[in-house]
Amino acid sequence: MEAYCARVRPGDWELVSVHGMAGCRMALPERGGVCDESGRAHGFTNLYLCDASVLPGAPGISPQGTIMSFAHEIVGRHLENA
């Protein structure tokens, strides 16, 4: 590894950033959902999800705004019910 790092230049690196989505989809359990519309994981009483994993799939080229909106909404619902 050290030999490899010594011979490459930063311009040789191709970096990729991704948003992991849809791993814990928001839907009814019988439709494959992992959490409800409030981000509460099915089968758990105090576990909430509020990241890109609750999205049903990729919403577009740059999903950051959608991810942030979902997180804001889920946290707001949690605080209202607390």
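Quick notes on the rules
- Residues numbered from 1 in each chain as written.
- Predicted model: local features only at pLDDT ≥ 70, side-chain atom pairs only at ≥ 80, totals over all residues.
- Heavy atoms only, no water.
- Disulfide = S-S within 2.5 Å.
- Buried < 20%, exposed > 50% of the residue type's maximum accessible area, 1.4 Å probe, protein only.
- Helix = DSSP H or I, 4+ residues; strand = E, 2+ residues; numbered from the N terminus.
- Contact = heavy atoms within 4.5 Å.
- Polar contact = N/O pair within 3.5 Å; in protein donor to acceptor, adjacent residues only side chain to side chain.

Q: For this particular structure, what's the right way to read the state of the cysteines?
A: Linking two cysteines covalently via their sulfur atoms produces the bond known as a disulfide. For the coordinates displayed, the defined rule picks out zero disulfides. This cysteine, Cys 24, is not joined by any disulfide, and Cys 35 carries the nearest cysteine sulfur, 7.0 Å off. Residue Cys 24 is classed as partly exposed on the basis of its relative accessible area of 22%. With a relative accessible area of 0%, Cys 35 lands in the buried category.

Q: How do you make sense of the environment of Tyr 48 when you look at a structure like this?
A: Of note, Tyr 48 is situated in the loop between α1 (2-7) and α2 (64-81). It is 9.2 Å that separates the C-alpha atoms of Tyr 48 and Asp 36, two residues lying 12 residues apart in sequence. What Tyr 48 contacts, discounting residues up to four positions off in sequence, is Ser 38, Gly 39, Arg 40 and His 78. There is a polar contact of 3.3 Å between the side chain of Tyr 48 and the side chain of Arg 40.

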